[in-house]
Amino acid sequence: MTPEATMATVVLFHSALGLTGHLRQWADILEQDGHTVLTPDLFDGHTFTDLDAGVDHVDAEGVEHWVARARELTARVQGPRIYAGFSLGGAVAEILALTEPDAAGLVVMHGAISPAWFEIHEWPVDLVAQLHYAARDPWVDADDNAAFLELAGEACEEFVYPGEGHLFGFEGWHEYDEVASHDMYERVSEFLSEVDG
């Protein structure tokens, strides 16, 4: 008899806005798909309604601080996991997925960072990933995306959406794009099901 496969836990990280209702809505939808979803709060309850203010909060500490905080909050997660996140959360998810041995999948939404920032120069064996971003998003660094995709090679699917909205996947946010958000959800949902299956 073949042992039942262990389902992966989805660890979903928030953007620089903090753990807002937008993030919780995504978590709820993915849970309705049958996934176990964790939403670590890197900001300890603080949220922002202005992205610039949130980014200032992030920059005051630096990405390294938020990655370390994410490691603390996920230290007790057992078994395989899929790291995913939006903007800041995508960067955090990326670094954890590239350095944690139990990572099975990675979903980066709204732009990647160069793995070289964290002295990462090798893609983990068997790690599969997706990268999502808008074509004219001013927050996305093309060089960082290119460095991430070069390291990933065929292990990462890239999805580029029309427009310039950064957090276009957040319903109720001023950059929300219903069509692009739906398309991104469908692709993420299919990816999670394949990795989690």
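This text goes with the structure placed above it.
Residues numbered from 1 in each chain as written. Predicted model: local features only at pLDDT ≥ 70, side-chain atom pairs only at ≥ 80, totals over all residues. Heavy atoms only, no water.

**Q** So, the overall build of the protein chain: which residues are in play, and what are the values?
**A** When you go through the protein chain residue by residue, the secondary structure sums to six helices and six strands. Against the 2.2 N^0.38 benchmark of 16 Å for 197 residues, the protein chain shows a C-alpha radius of gyration of 16 Å, consistent with a compact globule. Along the longest, intermediate and shortest principal axes, the C-alpha atoms of the protein chain span 55 × 35 × 35 Å. Buried positions account for 52% of the 197 residues belonging to the protein chain. The long-range fraction of contacts in the protein chain, counting pairs at least 24 apart against all pairs at least 6 apart in sequence, stands at 70%. (Helix = DSSP H or I, 4+ residues; strand = E, 2+ residues; numbered from the N terminus. Rg over C-alpha atoms; globule rule 2.2 N^0.38 Å. Buried < 20%, exposed > 50% of the residue type's maximum accessible area, 1.4 Å probe, protein only. Contact = heavy atoms within 4.5 Å.)

**Q** I'd like a description of unusual backbone geometry, backed by residues and values.
**A** Phi is positive for Ser 87, which is not a glycine, with a value near 55 degrees. Structurally, Ser 87 can be placed in the loop between β3 (81-86) and α4 (88-99). Relative accessible area serves as the criterion here: at 16%, Ser 87 is assigned to the buried category. Positive phi, close to 60 degrees, is recorded for Glu 119, a residue that is not glycine. Inspection of the secondary structure puts Glu 119 in the loop between β4 (103-109) and β5 (128-134).

**Q** I'd like to hear about helix α3 (residues 63-73), residue by residue, with values.
**A** Of the positions making up α3, those classed as buried are Val 63, Trp 66, Val 67, Arg 69 and Ala 70. Buried residues in α3, looked at end-on, bunch into an arc of 160 degrees, giving them a common side. Exposed residues on α3 whose side chains face more than 90 degrees from its buried face are Glu 64 and Glu 72. Residues of α3 that are buried in the fold lie against β1 (9-13), α2 (51-61) and α4. (Arc of directions from axis to C-beta.)

**Q** Give me the packing of aromatic side chains: which residues, what numbers.
**A** This model, assessed by the stated rule, comprises eight aromatic pairs. An aromatic cluster is built from Trp 26, Phe 86, Phe 170 and Tyr 185, whose rings are joined through pairwise contacts. (Phe/Tyr/Trp six-rings, centres within 6.5 Å; stacked < 30°, edge-to-face > 60°.)

**Q** Now, about the side chain of His 166: what can you tell me, with residues and values included?
**A** As for its position among the elements, His 166 is in the loop between β6 (156-161) and α6 (178-196). Engagement of the side chain of His 166 in a polar contact is seen with the side chain of Asp 137, the distance being 2.5 Å. In this structure His 166 touches Leu 51, Ser 87, His 110, Asp 137, Trp 139 and Glu 175, once residues within four positions along its chain are discounted. (Polar contact = N/O pair within 3.5 Å; in protein donor to acceptor, adjacent residues only side chain to side chain.)

**Q** An account of a negative patch on the surface is needed here, citing residue identities and associated values.
**A** Taken together, the side chains of Asp 33, Glu 157, Glu 186, Glu 190 and Glu 194 make up a negatively charged region of the molecular surface. By secondary structure assignment, the location of Glu 194 is in helix α6. (Patch = residues over 30% accessible without salt bridge, like charges linked within 9 Å, V, L, I, M, F, W, Y side chains within 5 Å. Areas by Shrake-Rupley, 256 points an atom, 1.4 Å probe, with all protein chains shown as cover. Salt bridge = Lys/Arg side-chain N within 4 Å of Asp/Glu carboxyl O. Lys, Arg positive; Asp, Glu negative; His and termini not counted. Charge placed at Lys NZ, Arg CZ, Asp CG, Glu CD.)

**Q** So what's going on with the nonpolar core? Which residues, and what values?
**A** Membership of the largest hydrophobic core comes to 66 residues, with the highest contact counts inside it found for Leu 12, Phe 13, Tyr 83, Val 92, Leu 106, Met 109 and Phe 148. Considering each element in turn, this core owes the most residues, eight residues, to α4. If sequence neighbours within four positions are ignored, Tyr 83 has contacts with Val 11, Phe 13, Ala 93, Leu 96, Ala 97, Glu 100, Ala 103, Gly 105, Leu 106 and Val 107. (Core = buried A, V, L, I, M, F, W, Y, C linked by side-chain atoms within 4.5 Å.)

**Q** Quick rundown of the environment of Asp 137? Include the residues and the values.
**A** By the secondary structure assignment, Asp 137 is in the loop between β5 and α5 (142-152). When the C-alpha atoms of Asp 137 and Ala 152 are compared, they prove to be 22 Å apart, with 15 residues separating the residues in sequence. In this structure, Asp 137 is in contact with His 110, Gly 163, Glu 164, Gly 165 and His 166, ignoring residues within four places of it in sequence. Of the polar contacts made by the side chain of Asp 137, one reaches the backbone nitrogen of Trp 139; its length is 2.8 Å.

**Q** Describe the environment of Asp 102, listing the residues and the values that go with them.
**A** With respect to the helices and strands, Asp 102 occurs in the loop between α4 and β4. Residues within four places of Asp 102 in sequence aside, it is in contact with Gly 79, Pro 80 and Arg 81.

**Q** Would you mind going over the packing of helix α1 (residues 21-32) against α6 in detail, with residue names and values included?
**A** It is at 11 Å that the axes of α1 and α6 come closest, and there the two elements cross at 45 degrees. The orientation of α1 with respect to α6, classified from their angle, is oblique. Remark: the crossing between α1 and α6 carries right-handed chirality. Side by side, α1 and α6 meet where Trp 26, Ile 29 and Leu 30 of the first sit next to Ser 181, Met 184, Tyr 185 and Leu 192 of the second. By residue class, the composition of the contact of α1 with α6 is six nonpolar, one polar and no charged. (Axes fitted to C-alpha atoms, helices over the stretch in contact; angles between N-to-C directions. Parallel < 35°, antiparallel > 145°, perpendicular 65-115°, else oblique. Left-handed = near helix turned anticlockwise from the far one by under 90°. Nonpolar A, V, L, I, M, F, W, Y, C, P; charged D, E, K, R; others polar.)

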